[in-house]
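Residue-level listing of the chains:
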Amino acid sequence: MKLEEASNIALEWFTSNMMQANADKFQCILISRTEVEKFELQLKDTTITAERDVKLLGIFIDSKLNFEKHVSTICKKSSNQVKAMFRLPRVLSVECKMNMYRSFIASNFMYCSLIWHLCGKTSTRKVEGI
C-alpha cells in the first residue's frame, strides 16, 4: 500500500534526523459519501484504524464532511456557557455579560467557521466571491 510505504519513509526520515514522531497520536479518516469497510494502516509497531471522525485543531472532521458532530459539540458547549452566565444574574452587569458573550460564546462559532459553515445538506446557497 503506497500510503503505508510513504508514511514509513516519513517516520524513517524523522528518526534519521533525530526527531521523534508519536505514532500513538496519529489519526486516519477516509472521506467518502458511503460507509467504508474497516481500514487500517500499519506503521512500524503501530496499527492505525480509520475513524468516522477525528479532532484536528479543535474541529471535528467527519468522513462525510457534513460537520454535524462539530456543530453539535459547539452548540452544547455554548449552551452550557450561557447557562453558567445566567446563574449569576445579579452579580454580573450587562456590560460584563456582553464581554463574556463576545469572549467565550461567540468565539465558539467564529473559530474556523469558514471551514465548516458552508458544508452539509442545509448549506446549498452560493456565497459570492468564494
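These figures come from a predicted structure and were not determined experimentally.

Notably, Leu65 is not glycine yet its phi reads approximately 55°, a positive angle. By the element assignment, Leu65 lies in the loop between strand 4 (59-62) and helix 2 (68-86). A relative accessible area of 36% places Leu65 in the partly exposed class. A positive phi angle, close to 60°, is found at Phe67, a residue other than glycine. Within the secondary structure, Phe67 sits in the loop between strand 4 and helix 2.

Closest axis-to-axis distance for the helix 2/helix 3 (residues 94-110) pair is 9 Å, and the angle between their directions is 170°. Considered as vectors, helix 2 and helix 3 are oriented roughly antiparallel to each other. Contacts between helix 2 and helix 3 involve Ile74, Cys75, Lys77, Ser78, Gln81, Val82 and Met85 on the former and, on the latter, Lys97, Met100, Tyr101, Phe104, Ile105, Asn108 and Phe109. Looking at the contact of helix 2 with helix 3 residue by residue, the class counts come to 9 nonpolar, 3 polar and 2 charged.

Only one face of strand 2 (residues 46-49) is covered, namely the face carrying Thr46 and Ile48; the face carrying Thr47 and Thr49 is uncovered. Between strand 1 (residues 40-43) and strand 2, which pair antiparallel in sequence order, lie 2 residues; one of them, Lys44, sits at a positive phi of approximately 50°.

A surface patch of nonpolar side chains, about 340 Å² in accessible area, is lined by Leu56, Leu57 and Tyr111. As for its placement among the helices and strands, Leu57 is situated in the loop between strand 3 (53-56) and strand 4.

Both faces of the sheet carry side chains from a regular strand, because those side chains alternate between them. Burial of strand 4 is two-sided: the residues Ile59 and Ile61 facing one way and the residues Phe60 and Asp62 facing the other way are all buried. A loop of 2 residues connects strand 3 with strand 4, the two strands running antiparallel in sequence, and Leu57 in this loop sits at a positive phi of about 55°.

Calculation notes
- The residue numbering used here restarts from 1 in each chain and proceeds along that chain's sequence as written.
- With pLDDT at 70 or above as the cut-off, local features in this predicted model cover only qualifying residues; side-chain atom pairs require 80 or more to be listed or tallied, and sums for whole chains, interfaces and linings still use all residues.
- Note that the side-chain values use all heavy atoms of the structure and ignore hydrogens as well as water.
- Put simply, DSSP H or I for four residues or longer makes a helix, DSSP E for two residues or longer makes a strand, and each gets a number counted from the N terminus.
- Using a 1.4 Å probe on the protein chains alone, a residue whose accessible area is under 20% of its type maximum counts as buried, one over 50% counts as exposed, and one in between counts as partly exposed.
- To get an axis, a line is fitted to the C-alpha atoms, and for a helix only the part in contact is used. The angle between two axes follows their N-to-C directions and goes from 0 to 180 degrees.
- Note on terminology: angles under 35 degrees are roughly parallel, angles over 145 are roughly antiparallel, angles of 65 to 115 are roughly perpendicular, and the others are oblique.
- Contact criterion: two residues are considered in contact whenever any of their non-hydrogen atoms come within 4.5 Å of each other.
- Three classes are used: nonpolar for Ala, Val, Leu, Ile, Met, Phe, Trp, Tyr, Cys and Pro, charged for Asp, Glu, Lys and Arg, and polar for all others, with Gly counted as polar.
- Strands are labelled as partners when DSSP assigns at least two bridges between them.
- Candidate patch residues must exceed 30% relative accessible area and have no salt bridge, after which like charges are joined if within 9 Å and Val, Leu, Ile, Met, Phe, Trp or Tyr side chains if within 5 Å.
- Here the accessible surface of atoms and residues is derived via Shrake-Rupley with a 1.4 Å probe, and residues count as covered only by protein chains that are part of the display.
- Here, a salt bridge means any Lys or Arg side-chain nitrogen found within 4 Å of an Asp or Glu carboxyl oxygen.

Function cannot be read off these values alone, since they describe shape.
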